[in-house]
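Tertiary structure, described
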Amino acid sequence: MRLVGGAPMTTHRGSCLCRSVTFEVDGPINGVGSCHCSKCRKVSGTGGNAQFIVRAGRFRWTAGGDGGTRFTLPDGWGPTRCGKCGSPIPASFDGGERIWVPAGLMDDDLGTDFKMHIFCGSRADWDRESPAAQHYDEDPR
Ligand SMILES: [Zn+2]
Ligand SMILES: [Zn+2]
């Protein structure tokens, strides 16, 4: 933790699966959102794309920030992925003002929780919690 303008500033570290892309985000993080649209389901391979958005001034690459590969649909939408391991990596979506950060990349606790779910109308029918769902701290097999 360091002090910025007299206030404590927590730095949150993130990385891709192979760790060739690493970055830091200065906190606080004001909530994580999940997008359940059909595009986000495809690029994440799961029910929702957990992410948060920060101003670019609070984000910095610590390694590999130039190593991403961007896939773009005809409408301009698309994920940027680590060129080595394929993890989605942070990217700007508005010309550099704000950075979209996949929340699952974070190595440090964020001190927040889900504040928003969007495109719930596109949610997969299985993407809900059964009352009988069992939770384990690790794979029980
Ligand atoms: Zn990687
Ligand atoms: Zn989406």
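Everything in this summary refers to the structure shown in the same document.

Procedures and definitions
- Residues numbered from 1 in each chain as written.
- Chains lettered and ligands numbered in written order.
- Predicted model: local features only at pLDDT ≥ 70, side-chain atom pairs only at ≥ 80, totals over all residues.
- Heavy atoms only, no water.
- Helix = DSSP H or I, 4+ residues; strand = E, 2+ residues; numbered from the N terminus.
- Buried < 20%, exposed > 50% of the residue type's maximum accessible area, 1.4 Å probe, protein only.
- Contact = heavy atoms within 4.5 Å.
- Areas by Shrake-Rupley, 256 points an atom, 1.4 Å probe, with all protein chains shown as cover.
- Lys, Arg positive; Asp, Glu negative; His and termini not counted.
- Charge placed at Lys NZ, Arg CZ, Asp CG, Glu CD.
- Donors = N, O, S within 2.8 Å, 3.2 Å for Na, K, Ca; no water.
- Pairing = 2+ DSSP bridges.
- Polar contact = N/O pair within 3.5 Å; in protein donor to acceptor, adjacent residues only side chain to side chain.

Details of the overall build of the protein chain
Helix and strand counts for the protein chain come out as one helix and 12 strands. For the protein chain, the succession of helices and strands along the chain, N to C, is β-β-β-β-β-α-β-β-β-β-β-β-β. Along the three orthogonal principal directions, the C-alpha set of the protein chain runs to about 45 × 40 × 30 Å. A total of 141 residues make up the protein chain; the buried ones form 31% of that total. Look at the contacts in the protein chain between residues 6 or more apart in sequence, and 60% of them connect residues 24 or more apart. Total accessible area on the protein chain is roughly 9000 Å²; 52% of this is exposed by carbon and sulfur atoms. Each charge sign in the protein chain was given a centre, from 17 positive and 16 negative side chains, and these centres are 5 Å apart.

A look at the coordination of the zinc ion (ligand 2)
Looking at the zinc ion (ligand 2), the protein donor atoms are Cys35 (SG), Cys37 (SG) and Cys40 (SG), and they sit 2.1 to 2.3 Å from it. Of note, the zinc ion (ligand 2) draws all its donor residues from one chain, in the sequence arrangement C-x1-C-x2-C. What makes Cys37 buried here is its relative accessible area of 11%.

Re the pairing of strand E4 (residues 22-26)
Extensive coverage of E4 is indicated by the burial of four of its five residues. Where strand E3 (residues 11-15) meets E4, five bridges bridge the pair, whose relative direction is antiparallel. Paired with His12 across the two strands is Val25, which belongs to E4. Hairpin connection, E3 to E4: the antiparallel pair is bridged by six residues, and Arg19 has positive phi, about 65°. Alignment of E4 against strand E7 (residues 59-63), held across four bridges, turns out to be antiparallel. By the bridge assignment for E7, Glu24 is matched with Arg60.

Considerations on the coordination of the zinc ion (ligand 1)
The protein atoms that coordinate the zinc ion (ligand 1) are Cys16 (SG), Cys18 (SG), Cys82 (SG) and Cys85 (SG), at distances spanning 2.3 to 2.4 Å. Ordering the donors of the zinc ion (ligand 1) by residue number gives the pattern C-x1-C-x63-C-x2-C. Within this pair, whereas Cys16 is found in the loop between E3 and E4, its partner Cys82 is found in strand E9 (residues 80-82), the two being separated by 66 residues in sequence. For the pair formed by Cys16 and Cys82, the shared burial category is buried.

Some points on the sheet that holds strand E11 (residues 98-102)
Across the sheet, five strands lie side by side as E10-E11-E6-E5-E12; this open sheet has mixed pairing. Each of the sheet's edge strands pairs with one partner strand only, and the pair in question is strand E10 (91-92) and strand E12 (114-118). Sheet analysis places strand E6 (residues 49-55) next to E11, joined by five bridges and oriented antiparallel. Each residue of the ladder has a partner; that of Gln51, found in E11, is Pro102.

Some remarks on the environment of Arg98
Turning to its location among the elements, Arg98 is positioned in strand E11. The sequence separation of Arg98 and Arg60 amounts to 38 residues, and the corresponding C-alpha distance is 12 Å. Apart from the residues lying within four places of it in its own chain, the contact partners of Arg98 are Ile53, Val54, Arg55, Ala56, Ala91, Ser92 and Phe93. A distance of 2.9 Å separates a polar atom in the side chain of Arg98 from a polar atom in the side chain of Asp94.

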